[in-house]
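The lines below spell out each chain.
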Amino acid sequence: MFTYVKLINFKSFKDVTFDFKNGSKGAKHFVSIYGENGSGKSNFVTSIDFLRKSIDSFRMATQTERFQEVIKENEVPSELIEMILDSTSIQKIREKCRMVECEEPTTVEYGFETNGHEGTYTLSFDERFIYERLYYFTGKQRGTLFEIDYRGTNPKIVFSSKLFSNKKVESEIRDEINKYWGKHSLLSILQKEIEEKNEDYIKENYLEYAFDLLDMLHDTTIHCKKSSSSGSEVCAGKPTNVLEDLKEGRIKIEHEALLDKSETIIRDFLTQAYADIKDVYYERKNQAETISYKLFVKKMIGGQIRTISVSNESAGTQHILEIIRSLLGAFCGVTVVYDEIDDGIHDLLLKNVLESMLDDINGQLIITTHNTYMLESIDIKSVYLINVDYKGNKEVKCLDKYPRIQGSNNPRLMYLKGLFGGVPIVDVLDYDSIIYELDTVEKEEE
């Protein structure tokens, strides 16, 4: 879970901090981020997406090489080439995360909590990575596991004495840093170690806590409509205890309990959210060592309960299912980040869906939204506002920091009145003036 995110010269953020700490209780389990259009809500989600992609930079580089081989043998539209290269190149991703016309380095700092321990991870970059530091649990206390600093004339590489079991492994990692660091981060180098070396080698040669952050990030699910590396929706990571597809698929027989759990949760959600849905169930067929499944609803239509495949339900229902699939991760103890969760869903329906599951989150759910109805029922300590002043400077503030809120006040109405900021200031448009200008242009063209 994330305890805070600090962004400096990152896209539209000059210097802001999203503080998700819940006092001495660690990270908040639910966070809802509000702000006017263009305030930076999606850019915040991109900062998590960037961290997730940075650890997979070697894998993405391999994908880029394979795609370039395909380009040589086939005619590929330039738009597709640009899109794929943007999504598979950590260099391109870094470029898109930099603040426009800014010569200072970009710095991202993430506070996190995993396996009962808190830590911080910092990464600075311009055209390449220039600084990286992981501060985390070392066995008995917290300390710096590693720090790499190439910001000055004298580069510095520092390792905790507990990070490696022997000097040979440390020497090998130093060689990897000399070959790859700057283009890739040390976290991505360690990720490559996990993928290339067997499990026993990793356990014998590294501090057992060194890979906790990597494990947390691989379990983190990110839905980002305006990703730093793609114009389409991205879902990075999936907890192992969540079905690949809620609507239909196939699983091993020993995982049927997962199907039962998903069926119960979906039934609770949809029967509460829709008055005409009376039941939800999986039709199952045993096939040797696997079970094929397909989701159906019993729905009241024209005075009669009828059975319908969920695949034939509305786009809104399909979107609800995708949200539920993401929320299952938050139920299972991992972090879920969802940009524009209200896109295409009725405000009251989304409010009901989220309200029904907040008490069951034991991981972390971070959303961006314009749904103001939730402000009437969720804890104000979970609500964050991005405010933008006339100079374009931004501030992120939790709703409980505003002194005007009292028990009898309605936070939703106060927000819509602009008492907290974070809402657009809309002047009345003079349509007569617009029409006059259009007529003038048309006459001049004639």
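Attention here is on the structure that accompanies the text.

### As for unusual backbone geometry
Okay, step 1: Of note in the backbone geometry, Asn9 takes a positive phi value of approximately 55° without being a glycine.
Okay, step 2: Within the secondary structure, Asn9 sits in strand E1 (residues 2–10).
Okay, step 3: Residue class for Asn9 comes out buried when judged on its relative accessible area of 1%.
Okay, step 4: Phi at Glu101 takes a positive value of approximately 55°, unusual for a residue other than glycine.

### Quick word on the packing of aromatic side chains
Centre distance and the angle of the planes are the two values used to describe a pair of aromatic rings.
Okay, step 1: In the structure shown here, the tally under the stated rule is 19 aromatic pairs.
Okay, step 2: Taking the centre distance of 6.2 Å and the plane angle of 55° together, the rings of Phe2 and Tyr110 count as tilted. Of this pair, Phe2 sits in strand E1 while Tyr110 sits in strand E4 (residues 106–114), and the two are 108 residues apart along the sequence. For the pair shown, Phe2 and Tyr110 are each scored as buried.
Okay, step 3: Judged by centre distance (6.3 Å) and plane angle (50°), the ring pair of Phe18 and Phe20 falls under tilted.
Okay, step 4: Here the basic side chain of Arg94 rests over the ring of Phe129, its NZ or CZ set 4.5 Å away from the ring centre.

### Structural notes on the nonpolar core
Okay, step 1: Counting 64 residues, the largest nonpolar core has Phe2, Phe18, Phe50, Tyr121, Phe146 and Leu186 as the members making the most contacts within it.
Okay, step 2: The greatest single-element share of this core, amounting to five residues, is contributed by helix H1 (residues 41–54).
Okay, step 3: Residues in contact with Phe2, not counting those within four places in the same chain, are Phe20, Ala27, Ile48, Leu51, Tyr110, Gly111, Phe112, Met216, Leu217, Thr335, Gln364 and Ile366.
Okay, step 4: With 53 residues, the next largest nonpolar core counts Tyr34, Phe331, Leu354 and Leu375 among its residues.

### Concerning the pairing of strand E8 (residues 156–159)
Two faces, one strand: in a regular strand the side chains alternate between the faces of the sheet.
Okay, step 1: By the alternation rule, side chains of E8 split into Ile157 and Phe159, which are all buried, and Lys156 and Val158, of which none is buried.
Okay, step 2: Sheet analysis places strand E7 (residues 142–149) next to E8, joined by four bridges and oriented antiparallel. In the sheet register, Phe146 faces E8, and the bridge partner there is Phe159.
Okay, step 3: The loop that links E7 with its antiparallel partner E8 comprises six residues.

### Notes on the pairing of E1
Okay, step 1: Of all nine residues that make up E1, seven are buried, and the element is covered over most of its length.
Okay, step 2: As defined by bridge partners, E1 adjoins E4 across six bridges and the pair is classed as antiparallel. Opposite Val5, over in E4, you have Tyr110 as the bridge partner.
Okay, step 3: The sheet contact formed by E1 and strand E2 (residues 13–19) spans six bridges and is antiparallel. The partner of Ile8 across the bridge, within E2, is Asp15.
Okay, step 4: In textbook terms, the turn of a hairpin is the stretch between consecutive antiparallel strands, and for E1 and E2 this stretch comprises two residues, one of which, Lys11, has a positive phi near 50°.

What counts, and where the lines are drawn
Residues numbered from 1 in each chain as written. Predicted model: local features only at pLDDT ≥ 70, side-chain atom pairs only at ≥ 80, totals over all residues. Heavy atoms only, no water. Helix = DSSP H or I, 4+ residues; strand = E, 2+ residues; numbered from the N terminus. Buried < 20%, exposed > 50% of the residue type's maximum accessible area, 1.4 Å probe, protein only. Phe/Tyr/Trp six-rings, centres within 6.5 Å; stacked < 30°, edge-to-face > 60°. Lys NZ or Arg CZ within 6 Å of the ring centre and 35° of its normal. Core = buried A, V, L, I, M, F, W, Y, C linked by side-chain atoms within 4.5 Å. Contact = heavy atoms within 4.5 Å. Pairing = 2+ DSSP bridges.

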